[in-house]
Structure formats: C-alpha cells, structure tokens
Amino acid sequence: MLIPKKVKHRKQQKGRRRFAGTASRGTDLNFGSYGIKALETSWVSARQIEAVRRVLTRYTKRGGKIWIRVFPDKPITVKGSEVPMGGGKGSTDHFVVAIKPGRILFEIDGVTRIEAQESMRLASHKLPIKVKFVEK
C-alpha cells in the first residue's frame with residue numbers, strides 16, 4: 001500500500017470535505033494513451049488505490065504499463081471505540097488523497113483500446129467516485 005516515507009508531522013487537520021472548483025493540476029494524460037478522470041470530489045484511500053492497481057495489472061495480464069497519478073499523503077486519525085471525550089487527537093489510521101473533478105487518477109499504455117477501456121471500467125468499480133475513460 002502507498003504511504004509516505006517520512007511523516008514528520010503525522011497529524012493533520014481535516015480541512016473541508018467540500019472542496020470548491022476543479023483540479024488545476026494533473027488534468028491531462030502525460031504518460032499513457034488511456035486513463036480515468038475523476039468527475040466528483042472525494043477522498044480516495046490507499047487501499048482503494050491498491051485495489052485499482054491490482055485490477056488493472058490482473059486484467060491486462062501484466063501486459064501494459066500502468067501509472068498511478070495520485071499519492072495518498074493526508075493522514076486520517078481515528079480514536080478507539082468507546083473512548084471518552086477528551087484525551088487529544090487519535091492515532092493515524094490510514095492515508096487518503098483529496099480528489100477534485102478533472103483529476104487524472106490512472107493511466108495505461110501498451111494495450112489495445114478495448115482492453116484499456118474494459119480494465120478501466122472494472123477499476124472504476126473499486127473507486128468511491130464517478131470517473132470517465134479518457135484517451136489521447
């Protein structure tokens with residue numbers, strides 16, 4: 001799973017879940033010929049990214065080249081169950097990446113268009129947001 005190598009400041013404030021606007025970076029295909037683009041705003045966890053990576057590699061039979069264009073660097077903390085109020089912030093549980101509409105999440109190359117489209121369709125089921133298939 002993807003996690004940052006160094007976490008000097010391990011705990012971060014939550015921020016706003018309702019991010020305004022669209023993505024300004026990472027909106028074009030830079031590496032592969034095909035990709036999936038986010039249409040909604042959400043947090044995508046490291047586990048979900050790993051699930052998509054597994055689907056893509058399994059469906060393409062490790063044939064093509066896959067690029068993961070997002071990295072989960074936002075720590076999410078959770079307090080234990082039945083812990084009374086107070087006592088500070090909980091410990092880091094997992095990492096997420098904040099996704100805005102228009103962001104390219106994954107790219108693929110070295111496979112046919114039909115194979116890429118089907119693998120991306122299967123991968124989209126693992127994500128918590130609506131995505132669309134894009135090509136160069």
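Residues numbered from 1 in each chain as written. Predicted model: local features only at pLDDT ≥ 70, side-chain atom pairs only at ≥ 80, totals over all residues. Heavy atoms only, no water.

(A) Representation of the overall build of the protein. Counting its regular elements, the protein contains two helices and seven strands. Overall, the protein shows an N-to-C arrangement of helices and strands of β-β-α-β-β-β-β-α-β. Split into buried and exposed, the 136 residues of the protein put 35% on the buried side. For the protein, restricting intrachain contacts to residue pairs at least 6 apart in sequence, the fraction spanning at least 24 positions comes to 81%. Approximately 9000 Å² of the protein is accessible, and the part contributed by carbon and sulfur atoms is 49%. (Helix = DSSP H or I, 4+ residues; strand = E, 2+ residues; numbered from the N terminus. Buried < 20%, exposed > 50% of the residue type's maximum accessible area, 1.4 Å probe, protein only. Contact = heavy atoms within 4.5 Å. Areas by Shrake-Rupley, 256 points an atom, 1.4 Å probe, with all protein chains shown as cover.)

(B) Local environment of the sheet that holds strand S1 (residues 34–38). Read across the sheet, four strands follow the order S3-S6-S1-S7 without closing on themselves; strand pairing throughout is antiparallel. Single-partner strands in this sheet number two, and they are strand S3 (65–68) and strand S7 (131–135). Averaged over all pairs of adjacent strands, the angle between strand axes in this sheet comes to 20°, irrespective of strand direction. Sheet topology places S1 next to strand S6 (residues 104–109); four bridges connect them, and they run antiparallel. Each bridged residue has a counterpart across the sheet, and for Gly35 the counterpart in S6 is Glu107. The sheet strands contacting helix H1 (residues 46–59) are S3 and S6, and the helix crosses S3 at an angle near 170°. Where helix H2 (residues 113–124) meets the sheet, it contacts S1, S6 and S7, and its direction lies at approximately 160° from that of S7. (Pairing = 2+ DSSP bridges. Axes fitted to C-alpha atoms, helices over the stretch in contact; angles between N-to-C directions.)

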